[in-house]
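Residue-level structure breakdown
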Amino acid sequence: MEAGLAADQFCWREKVSSQSGFTISVLEHSSGYFIWFDVESNGVLRATRTPGRDLRLEVTRLTAWEDEKIVIKEWAELLNREISEPDLWAAVSEEKNIVQAAAGQIENTPFSLEEQTRLAK
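Residues numbered from 1 in each chain as written. Predicted model: local features only at pLDDT ≥ 70, side-chain atom pairs only at ≥ 80, totals over all residues. Heavy atoms only, no water.

Brief notes about the sheet that holds strand β4 (residues 45-50)
- Read across the sheet, 5 strands follow the order β1-β2-β3-β4-β5 without closing on themselves; strand pairing throughout is antiparallel. The open sheet terminates on both sides in strands that have one partner only, identified here as β1 (10-16) and β5 (58-62). Strand-to-strand twist across the sheet, computed as the mean angle between neighbouring axes with direction ignored, equals 25°.
- Packing of helix α1 (residues 67-84) onto the sheet brings it into contact with β1, β2 (23-29), β3 (34-39), β4 and β5, and relative to β3 it is tilted by some 155°. (Pairing = 2+ DSSP bridges. Helix = DSSP H or I, 4+ residues; strand = E, 2+ residues; numbered from the N terminus. Axes fitted to C-alpha atoms, helices over the stretch in contact; angles between N-to-C directions. Contact = heavy atoms within 4.5 Å.)

This is the structure in structure tokens:
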């Protein structure tokens, strides 16, 4: 794909639309992110996607079905950015584990006389 995503990371599934009541197709990535197109009860076209540009779940209203290509391309770029970013929470957790392991190997003893002298200077 143009955004650097492999086609085998995606699957199609179906769901019943809460807007139209029709069965619609959902394009889902193996990460759990997805996009689908639907028609609101008032006839307005819309795309629902995650990740969104500014929100985790974003709804975009479209003026024509031709806008789907633009929305899909943008979604693929957002998706690629999202799954390519390092997981900072996992990194913090890993560092915490390393510090705790290292701390367990160090004895918590009072400063020696030599250490106390160096600290006093």
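Focus: the nonpolar core
- Among the nonpolar cores identified, the biggest contains 13 residues, and F10, I35, F37, L62, V71, W75 and L79 are the most heavily contacted of them.
- Every element with two or more residues in this core is listed here: β3, β4 and α1.
- When residues in this core are grouped by element, the largest group, 4 residues, is from α1.
- Filtering out sequence-adjacent residues up to four positions away, I35 remains in contact with S25, V26, L27, T48, R49, V71, I72 and W75. (Core = buried A, V, L, I, M, F, W, Y, C linked by side-chain atoms within 4.5 Å. Buried < 20%, exposed > 50% of the residue type's maximum accessible area, 1.4 Å probe, protein only.)

Observations concerning the pairing of β4
- In terms of burial, β4 is a largely internal element, 6 of the 6 residues being buried.
- Burial of β4 is two-sided: the residues L45, A47 and R49 facing one way and the residues R46, T48 and T50 facing the other way are all buried.
- Pairing geometry for β3 and β4, over 6 bridges, is antiparallel. Bridge pairing links V39 to L45 in β4.
- Counting the residues between successive antiparallel strands, the hairpin from β3 to β4 contains 5 residues, one of them, G43, with a positive phi of roughly 90°.
- Here 5 bridges tie β4 to β5, and the two strands are oriented antiparallel to one another. Counted as the bridge partner of A47 is T60 from β5.

A few points about α1
- Here α1 is 18 residues long and its end C-alpha atoms lie 26 Å apart, about the 26 Å a rise of 1.5 Å per residue gives.
- The complete set of buried residues in α1 reads V71, W75, A76, L78 and L79.
- The elements touched by buried residues of α1 are β1, β2, β3, β4 and β5. (Expected span 1.5 Å × (residues − 1).)

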